[in-house]
Amino acid sequence: MRWLLVPTCTLVVLSANVQASRLSEHLASPELKVKMQEVYGARAIQRAEAFSRLLTPRAGTTDQQKLELVNNYFNNLTYSEDPRLWGDEDYWANPLEFIGARGGDCEDYSISKYYTLMELGVDEKKLRLAYVKAIRYNQFHMVTLYFPTTKSDPLVLDNINGRILPGSQRNDLQPVYSFDAKSIWVMKSRREGTLAGSADRLTQWASMQSRFSSEHLRAPRRQL
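Draft legend 1. Representation of the pattern of salt bridges within the structure. Applying the stated rule across the entire model yields six salt bridges. Across the salt bridge formed by Arg211 and Glu97, the nearest N and O atoms sit 3.3 Å from each other. With a gap of 114 residues between them, Arg211 in helix H8 (residues 203-213) and Glu97 in helix H6 (residues 95-101) connect regions that are remote in the sequence. Both residues of the pair, Arg211 and Glu97, count as buried. Counted as one network, the salt bridges with shared partners bring together Asp158, Arg170 and Asp172.

Below is the structure:
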C-alpha cells in the first residue's frame, strides 16, 4: 500500500495557514477561559491548563517524541459518536471544543493532533489528514499522517490503534483522500493520488476552521 498521496512538486508551493489560529494564543485568553467554563463546566479550565502545559515541551524534543506525546494525550480522551455528543450526524469539532467536551470521534482526534503538532513546531509540510476506510469495521475513518520526508512512508496517528506505525504496516486502513488546510488529494488507486483542488470543498473542514478562528464553542448535547 502506498500512502504518499501528495505529488512532491506541490509540497513547496502549497503552504497551510493554520498557524493563524494558534492554540497557545487561544488558551492564553482570559475571555476564552470564561467562555469554556460557561459552556463545558469548571473542569474544562483544568483540561485547558493541562493542555497548555503540553504545548511547552522541553528543548531538543524530536519530532518522534512530539508524535508520541500528542498521540497519547488525545487518545486518552473519550470516544463518542457525533449524534450522541453533538446531536449532529457529522460534526467536526475544533480543538477547543474537543478539549472542552473531553471527547469526540475520529475526525476530532485527528484534527486536534494536526493542529497541536504544528503548534509544537512540526513542519506543516510533513503533516496531512487522511480519510480512510477502516476495513475491519467496514466504515470510514480519519487519521493524521506524518511524512519524515516527501517520499517516505508516512507514520499514522490513529485513535483505533494507539501505536504509531508506518502506513505500509496499516493494511487495515485503505486511503480514500488526504488534505491539509488548503488542498485536497483524492486517491486514484492505492498507489496514486491526484490533486483535486481546494480543501474548502470539504464543508465540515471549512466550518471547523472558521469556528476555531473565531473561538466559537458549541455546547455538547450531553456531557461526557
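Moving on from the coordinates now.
Draft legend 2. Seen up close, the packing of aromatic side chains. Under the defined criterion, the tally for this structure stands at 15 aromatic pairs. Here the aromatic rings of Tyr73 and Phe74 are separated by 5.0 Å at their centres, their planes lie at 90°, and the arrangement is edge-to-face. The class of Tyr73 is partly exposed, set by a relative accessible area of 22%. Given a relative accessible area of 0%, Phe74 falls into the buried group. Summarising the aromatic geometry, the rings of Phe98 and Tyr109 are spaced 5.1 Å apart at their centres and angled 70° between planes, so their arrangement reads as edge-to-face. Placement of the pair is Phe98 in helix H6 and Tyr109 in helix H7 (residues 106-119), with a sequence separation of 11 residues. Accessibility assignment for this pair places Phe98 and Tyr109 in one class, buried. Geometry around Tyr91 places Arg218 over its ring, the cationic atom sitting 4.5 Å from the centre.

Conventions and cut-offs
- Residues numbered from 1 in each chain as written.
- Predicted model: local features only at pLDDT ≥ 70, side-chain atom pairs only at ≥ 80, totals over all residues.
- Heavy atoms only, no water.
- Salt bridge = Lys/Arg side-chain N within 4 Å of Asp/Glu carboxyl O.
- Helix = DSSP H or I, 4+ residues; strand = E, 2+ residues; numbered from the N terminus.
- Buried < 20%, exposed > 50% of the residue type's maximum accessible area, 1.4 Å probe, protein only.
- Phe/Tyr/Trp six-rings, centres within 6.5 Å; stacked < 30°, edge-to-face > 60°.
- Lys NZ or Arg CZ within 6 Å of the ring centre and 35° of its normal.

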